[in-house]
Amino acid sequence: MANYLKHILLVFLVWHLSHDVLLAQEPSVIQGQVIDSLERPISDVFVLLLPDSASTLTDKKGRFNAKYIGEKPTKLIFSHLQFETLILETKDQNTFNIKLKEKTQLLSGVDIQDKRFGETPEIGNIEISAKNAYTLPSATGDFSKVLATLPGVTSNNELASVYSVRGGNYDENLIYVNGIKIYRPFLVSAGRQEGLGFINTDMVGNVQFSAGGWQAKYGDKLSSVLNVQYEEPKTNNATVNMSLLGGSLHFGGINKKGDLNYSLGVRHKNSQYLLGTLETNGNYLPKFTDFQGYINKNFGSKTKLGILISSAHNNYLTLPESQETEFGTIQASFRMSTAFEGSEQLDYHTNQAGVVLSHAFTEDVISRLTISGVYSSERENYEVEGAYLLCDVNREPGSNRFNECVTIRGVGSNYSYGRNKLEAKILTVDQKNEIYLGDDVLAFGMSWDYENLDDRLQEFAFTDSADFANVTYSVDNSIDIQSHKLAGFAQYTLNSANQVHTLNAGARINYWSYSGQLLISPRLQYAYKLGTQKSTTLRLSAGLYQQHPFYRELRNREGEINPKVKAQSSLHIVGGMDHHFLAWGRPFKLTTDLYYKYLWDVNPYDVDNIRVRYFATNQANAYAYGADFRVNGEFIEGTESWFSLGLLKTMEDLQTGDGYIRRPSDQLVNLGIFFQDHLPNDPSVKVSVNMLFGSGLPFGPPRNDTYRNSFSGDEYYRLDLGFSKSFEFENDKTLIPNTLWLGLEVLNALGAENTISYTWIQDVVGNQFAVPNTLSARFLNVRVIAKF
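Residues numbered from 1 in each chain as written. Predicted model: local features only at pLDDT ≥ 70, side-chain atom pairs only at ≥ 80, totals over all residues. Heavy atoms only, no water.

Draft legend 1. A look at the overall build of the chain. In terms of regular secondary structure, the chain is built from four helices and 43 strands. A compact globule built from 788 residues would reach a C-alpha radius of gyration of about 28 Å, and the chain, at 29 Å, matches this within 12%. Projected onto its principal axes, the C-alpha positions of the chain cover 100 × 70 × 65 Å. Every one of the 788 residues in the chain was classed for burial, and the buried ones make up 54%. Expressed as a percentage of contacts within the chain between residues at least 6 apart in sequence, the contacts between residues at least 24 apart total 65%. Accessible surface for the chain amounts to roughly 34,000 Å². Of this, 58% is attributable to carbon and sulfur atoms. Computed over 71 positive and 86 negative side-chain charges, the separation of the two mean positions in the chain equals 5 Å. (Helix = DSSP H or I, 4+ residues; strand = E, 2+ residues; numbered from the N terminus. Rg over C-alpha atoms; globule rule 2.2 N^0.38 Å. Buried < 20%, exposed > 50% of the residue type's maximum accessible area, 1.4 Å probe, protein only. Contact = heavy atoms within 4.5 Å. Areas by Shrake-Rupley, 256 points an atom, 1.4 Å probe, with all protein chains shown as cover. Lys, Arg positive; Asp, Glu negative; His and termini not counted. Charge placed at Lys NZ, Arg CZ, Asp CG, Glu CD.)

Following this line, the structure appears as structure tokens:
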């Protein structure tokens, strides 16, 4: 026993002495910089030292600094989602200049190389890879469907490009393309009527998205910011994309001098086949076509001129014929059969253009002037009458009247008429400046908006049910607004010398001539990188976000105008964590956000399909809180996938004595999955999965505030599958593609009958029934993409 004790004491003494020796040693340093093929610094590169597994992340200038004690690491591993992993032997070096090669992957048959902003992503922003929009199977192929898979983002309508964020509505989201604010059609009321969203996937280079707590340099909305940069091509290329639902054509190029490049795209969408899967039978004749162009000219090394042009034309004609809807339970099953007469003719034409002039007075002083304009002309002409029959359905399997109507509960008709038109002219002048003070940045600027909106609303609807007619909606008025908005901001970003601390503080000021209201919105963001490895970042954001009403927010649910509506205000508090780690030798990122929003002067609203109907008052207070989780990385080597989970609770108090009730966007659980895989021995054969799940949204009978949002709708769930095979060709011929991709998409693979809205019917004894209106059924789509 004594001998064992002697051995133990000897081992402990040797370990203690060696440990003291190691502690007495000065730590050694391995350092360097990581750049891309264009010699731009790459931030957030995961640097792993072997064999001791110490790690660190590169800062916004691509620099890394890793300390070690004792034996020198023998290998370094550099990994990043958008670049190929590099394994390097250290040998006798301690300083390294690393150049990583961008990943060029045949994702959905299109090899797109991501470009970077040249700076680290802003605090709390999510970077979205442009190529994932190609691999994501969806009903429209719209870029917004990538956003729907992110935590905190809700889109329960596969036919529309709208989305809500953390309890907000569709009108509370900012969208910028190359610094130009983007507008969508104003009168669209149903997803089936909408064309494609503004963002052209063929032209996208970089994307950043913030779901709350963003910087002062962005505008005045309540919910989110989407910041898109269209790419500047470095080579001549072309892409042809065709499917059963439309297609696109894209050209990108650069001149011989290399000082002028362009990206031109044409898209056409025809969702006639997809709309044929809806419950309403009839003739659907939707056509959407748009052209976009982005031209960039460099005048020397200090001045750059960018021009963005867009012209979108959406024509929608429907001749509904009949509809049969079954709802209820096995014990109480109902059927409503409807015969329609009439038509819908909707035309939306939106033209947008902008000029962006950037100039570097010195290496550290940069200014940008943006002048942009929007002209939108929209017409809605519809007159539809639907005669319906509501009955009980026999669900007894042994009955000779199984699945037949056995009791008629009600017979009636719904009539709707509309002659609406809108013309919108918006002019914006925006000037921003950035001054780099070492690692710090001072930014400031101001903007002026001129808005000229002429809206004529003429709508009439009645229900003839249970032996009496009831006018449900009648409005005939117009609104003509000519107003000016002035805004300014200033913010300062402070970075510590070791890049551990980042602090951004700023404020916005905004004035609207129509209301005479002046808004001041202070904002603050802070980030702290933990430990020497800097693989974990803690974030905290807080700020005031205020939104002047647009013309739609001045109309109440009866269509009447209230010019006294004020801006809505919201306080955001967001705490989060970003953790970079390696699994299976590949990089991953875990993002967690906890948030709370308190809103006052709230303008309550109801949602009918994708139309938002406001109360046109500032009578409510509201709150929203929740948690968002996302893990993304190379679950399968060479492809990015992610899993997102959002938890949300949002309530509002209308100050009517009923206390807090659910807001229309109150969705407790929201799950989004985007997953990509390929055959182990053949990466050209791939499968992509897009899955969404959302718990039920609240609803209630129309214009009945007593039971407003009292009921919970069905869950929204959808699974879209994509199967593809890509081919590569080595040739120098212009008309033969370099890459050919063939794909089959199974849209709504589970055949889910998702509900988008309800039609309320009253039977002969006064009972009310909420008849669900469902979205598209299962559909097979074929796609072909050729890249030249």
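Draft legend 2. Spotlight on unusual backbone geometry. Not every positive phi belongs to a glycine, and Arg 166 is a case in point at roughly 50°. Secondary-structure assignment places Arg 166 in the loop between strand S10 (164-165) and strand S11 (173-177). The residue Asn 178 is not glycine, and still its phi comes out positive at about 50°. Looking at the element boundaries, Asn 178 is found in the loop between S11 and strand S12 (180-181).

Draft legend 3. Structural view of the pattern of salt bridges. For the structure shown, the criterion picks out 36 salt bridges. Put simply, Asp 593 and Arg 166 hold a salt bridge, and the shortest N to O gap is 3.2 Å. Placement of Asp 593 in strand S29 (residues 586-602) and of Arg 166 in the loop between S10 and S11 is noted, with a sequence separation of 427 residues between them. The class of Asp 593 is buried, set by a relative accessible area of 10%. The residue Arg 335 makes a salt bridge to Glu 326 at a minimum N-O spacing of 2.7 Å. (Salt bridge = Lys/Arg side-chain N within 4 Å of Asp/Glu carboxyl O.)

Draft legend 4. Quick peek at empty space enclosed by the protein. Taken as a whole, this structure holds 11 cavities of 30 Å³ or more when the rule is applied. By volume, the largest cavity is sized at about 390 Å³. What lines the largest cavity is a set of 23 residues, and nearest its centre among them are Thr 140, Gly 141, Asn 241, Ser 248 and Arg 783. Breaking the lining of the largest cavity down by element, the ones donating at least two residues are helix H2 (132-135), strand S15 (237-243), strand S16 (246-254), strand S17 (260-269) and strand S43 (779-787). Classifying every residue of the lining of the largest cavity by side-chain character gives six nonpolar, 12 polar and five charged. One number sums up the size of the second largest cavity: a volume of about 250 Å³. (1 Å grid on protein atoms, 1.4 Å probe; cavity = no way out; pocket = protein on both sides within 12 Å on 5 of 7 lines; lining within 4 Å. Points joined across faces, edges and corners; volume = space filled by probe spheres on them. Nonpolar A, V, L, I, M, F, W, Y, C, P; charged D, E, K, R; others polar.)

Draft legend 5. Focus on the sheet that holds strand S4 (residues 63-68). Pairing in this open sheet of three strands is mixed, and the strands run S4-S1-S7 from one edge to the other. The strands lining the two open edges of the sheet, one partner per strand, are S4 and strand S7 (95-99). Direction aside, the axes of adjacent strands within the sheet are offset by 20° on average. (Pairing = 2+ DSSP bridges. Axes fitted to C-alpha atoms, helices over the stretch in contact; angles between N-to-C directions.)

Draft legend 6. Spatial organisation of the environment of Gly 516. Mapped onto the elements, Gly 516 comes out in the loop between strand S25 (501-512) and strand S26 (517-530). The class for Gly 516 is partly exposed, based on a relative accessible area of 44%. It is 9.9 Å that separates the C-alpha atoms of Gly 516 and Lys 485, two residues lying 31 residues apart in sequence.

Draft legend 7. Quick peek at the confidence of the model for the chain. Predicted confidence across the chain gives a mean pLDDT of 85, with 92% of residues reaching 70 or more. Across residues 4-24, where pLDDT falls below 50, the model places two contacts with residues more than four positions away in sequence or in other chains. Across residues 104-120, confidence stays below pLDDT 50; counting only partners more than four residues off in sequence or on other chains, it has 65 contacts. (pLDDT = per-residue confidence, 0-100.)

Draft legend 8. Molecular detail of the packing of aromatic side chains. Under the definition given, this model contains 28 aromatic pairs. Aromatic side chains Phe 643 and Phe 675 sit 6.2 Å apart centroid to centroid with 55° between the ring planes, which places their arrangement in the tilted category. In this pair, Phe 643 sits in strand S33 (residues 639-653) while Phe 675 sits in strand S35 (residues 669-679), placing the two residues 32 residues apart along the sequence. Look at Phe 675 and you get partly exposed, because its relative accessible area is 22%. The ring centre of Phe 299 lies 5.6 Å from the NZ or CZ of Lys 297, which sits over that ring. Above the plane of the ring of Phe 727 lies Lys 725, whose end atom (NZ or CZ) is 5.3 Å from the centre. (Phe/Tyr/Trp six-rings, centres within 6.5 Å; stacked < 30°, edge-to-face > 60°. Lys NZ or Arg CZ within 6 Å of the ring centre and 35° of its normal.)

Draft legend 9. Molecular detail of the pairing of strand S21 (residues 365-393). Where strand S20 (residues 333-362) meets S21, 28 bridges bridge the pair, whose relative direction is antiparallel. Bridge pairing in S21 links Glu 344 to Tyr 382. Between the antiparallel neighbours S20 and S21 lie two residues. One ladder, built from 29 bridges, connects S21 with strand S22 (residues 405-437); its direction is antiparallel. The residue of S22 that forms the bridge with Arg 368 is Lys 432.

Draft legend 10. Representation of the side chain of Asn 709. Position of Asn 709 among the secondary structure elements: in the loop between strand S37 (698-699) and strand S38 (711-712). Apart from residues no more than four positions distant in its own chain, Asn 709 is found in contact with Arg 662, Arg 663, Pro 664, Pro 698, Phe 699 and Gly 700.

Draft legend 11. Structural detail: a nonpolar patch on the surface. A contiguous nonpolar surface patch, about 900 Å² in accessible area, is contributed by Leu 437, Tyr 492, Leu 494, Leu 503, Leu 524, Tyr 526, Leu 540, Leu 571, Ile 573, Tyr 596 and Tyr 625. The set of elements that each furnish at least two residues to the nonpolar patch consists of strand S24 (468-495), S26 and strand S28 (568-583). Tracing the backbone through its elements, the reader meets Tyr 625 in strand S32 (residues 620-636). Taking relative accessible area as the criterion, Tyr 625 reaches 42% and is therefore assigned partly exposed. (Patch = residues over 30% accessible without salt bridge, like charges linked within 9 Å, V, L, I, M, F, W, Y side chains within 5 Å.)

Draft legend 12. Highlighting a negative patch on the surface. Side chains of Glu 341, Glu 383, Glu 385 and Asp 464 sit close together on the surface and give a patch of like negative charge. Assignment of secondary structure puts Glu 385 in strand S21.

Draft legend 13. Region of interest: the sheet that holds S11. The strand order across the open sheet built from five strands is S8-S13-S14-S11-S12, with neighbouring strands paired in mixed fashion. The strands lining the two open edges of the sheet, one partner per strand, are strand S8 (126-128) and S12. Where S11 lies against S12, two bridges are found, and the strand directions are antiparallel. What sits directly across from Val 177, in S12, is Ile 180.

Draft legend 14. Highlighting the nonpolar core. Phe 186 and Tyr 551 are the most contacted members of the largest nonpolar core, which has 36 residues in total. Looking at this core, the elements with two or more residues in it are helix H4 (272-275), S20, S22 and S24. It is S22 that provides the largest number of residues to this core, a total of three residues. By size, the runner-up hydrophobic cluster in this structure holds 30 residues, among which are Ile 126, Leu 147, Ile 182 and Val 228. (Core = buried A, V, L, I, M, F, W, Y, C linked by side-chain atoms within 4.5 Å.)

Draft legend 15. Spatial organisation of the state of the cysteines. If you walk through the whole model with that rule in mind, you get one disulfide. Paired by a disulfide, Cys 391 and Cys 405 hold their sulfur atoms 1.9 Å apart. Taken together, the positions of Cys 391 in strand S21 and Cys 405 in strand S22 put the pair 14 residues apart, joining distant regions of the chain. For Cys 405, a relative accessible area of 26% corresponds to the partly exposed category. (Disulfide = S-S within 2.5 Å.)

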